[in-house]
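# Overview (structure and organization)
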Amino acid sequence: METNSQACTAAVRDPHHEPLHWDSRYRSIIGRLNRMLEQVHRHPTSDVTGELDQLVTATLTQIVPEERFMELVAFPKAREHRLCHQSISIGTAKLRYRLALGKGAPADELEQIRRLWLEHIEVHDRLFEAFLTARG
């Protein structure tokens, strides 16, 4: 899966490690991806388009308020953060479209989306968290 931005290319320590300190929004997104991956690994011809629709909805529900808050507090990396959100969201929507057409490799592409989210959480969201903490 190609990304639309270089904003999401930072390395992450362990892309399969999901820290317990993540809030419910992260666990929800990664949990959905994990369940879809498990489903397509068990049943490679499974239709996960409905689950992808739910993932897109959950993603937008999370990122829209987060991006507004970043602007409100004048986070200096807000543009890069937003581009990363857009890249992941567009990649997810493209996968949803390809699967609806009967094309694509669901397991590989779902794993790529999962990896991008893990990187985003561990790199971009941690930068925002550090910015907020430093502001007091």
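Heads up: the structure comes first, above all this text.
Figured I'd write up the structure that's included with this text.

Criteria and thresholds
Residues numbered from 1 in each chain as written. Predicted model: local features only at pLDDT ≥ 70, side-chain atom pairs only at ≥ 80, totals over all residues. Heavy atoms only, no water. Core = buried A, V, L, I, M, F, W, Y, C linked by side-chain atoms within 4.5 Å. Buried < 20%, exposed > 50% of the residue type's maximum accessible area, 1.4 Å probe, protein only. Helix = DSSP H or I, 4+ residues; strand = E, 2+ residues; numbered from the N terminus. Contact = heavy atoms within 4.5 Å. Salt bridge = Lys/Arg side-chain N within 4 Å of Asp/Glu carboxyl O. Polar contact = N/O pair within 3.5 Å; in protein donor to acceptor, adjacent residues only side chain to side chain. Expected span 1.5 Å × (residues − 1). Phe/Tyr/Trp six-rings, centres within 6.5 Å; stacked < 30°, edge-to-face > 60°.

Let us now look at the nonpolar core. One recurring pattern in soluble globular proteins is that nonpolar side chains are buried together. By size, the foremost hydrophobic cluster in this structure holds 22 residues, and its most contacted members are Leu-33, Met-36, Val-48, Leu-52, Leu-110 and Trp-117. Elements supplying a minimum of two residues to this core: helix 1 (24–42), helix 2 (49–72), helix 3 (78–100) and helix 4 (106–135). Look past the residues within four positions of Met-36 in its chain and what remains in contact with it is Val-48, Glu-51, Leu-52, Leu-55 and Leu-110. Residues Met-70, Val-73, Phe-75 and Phe-128 belong to the second largest nonpolar core, which totals 6 residues.

Inspection of the entire model under this criterion finds 7 salt bridges. Ionic pairing is found between Arg-96 and Asp-53, a salt bridge with its closest N-O pair at 2.7 Å. Of this pair, Arg-96 sits in helix 3 while Asp-53 sits in helix 2, and the two are 43 residues apart along the sequence. Overall, the relative accessible area of 35% leaves Asp-53 in the partly exposed class. Between Glu-109 and Arg-98 there is a salt bridge, with the nearest N and O atoms lying 2.0 Å from each other.

Below, the discussion takes up the side chain of Gln-112. Mapping Gln-112 onto the fold places it in helix 4. The exposure class of Gln-112 is buried, given its relative accessible area of 19%. Here the side chain of Gln-112 touches Arg-115 through a polar contact of 3.2 Å, side chain to side chain.

Negative phi is the rule for most residues except glycine; trans is the rule for most peptide bonds. In this model, Ala-74 sits at a positive phi of 60°, which is unusual for a non-glycine residue. For Ala-74, the position within the fold is in the loop between helix 2 and helix 3. Under the relative-accessibility criterion, Ala-74 is labelled exposed at 54%.

Moving on to helix 2. Over its 24 residues, helix 2 runs 35 Å from end to end, which matches the ideal 34 Å to within 8%, given 1.5 Å per residue. Those residues of helix 2 not exposed but buried are Thr-49, Leu-52, Leu-55, Ala-58, Thr-59, Gln-62, Ile-63, Glu-66, Glu-67 and Met-70.

Overall, the coordinates contain 3 aromatic pairs when judged by the stated rule. Relative to Phe-128, the ring of Phe-69 has its centre 6.1 Å away and its plane inclined at 70°; by these criteria the two rings are edge-to-face. Here Phe-128 lies in helix 4 and Phe-69 lies in helix 2, a separation of 59 residues in the sequence. Given a relative accessible area of 37%, Phe-69 falls into the partly exposed group.

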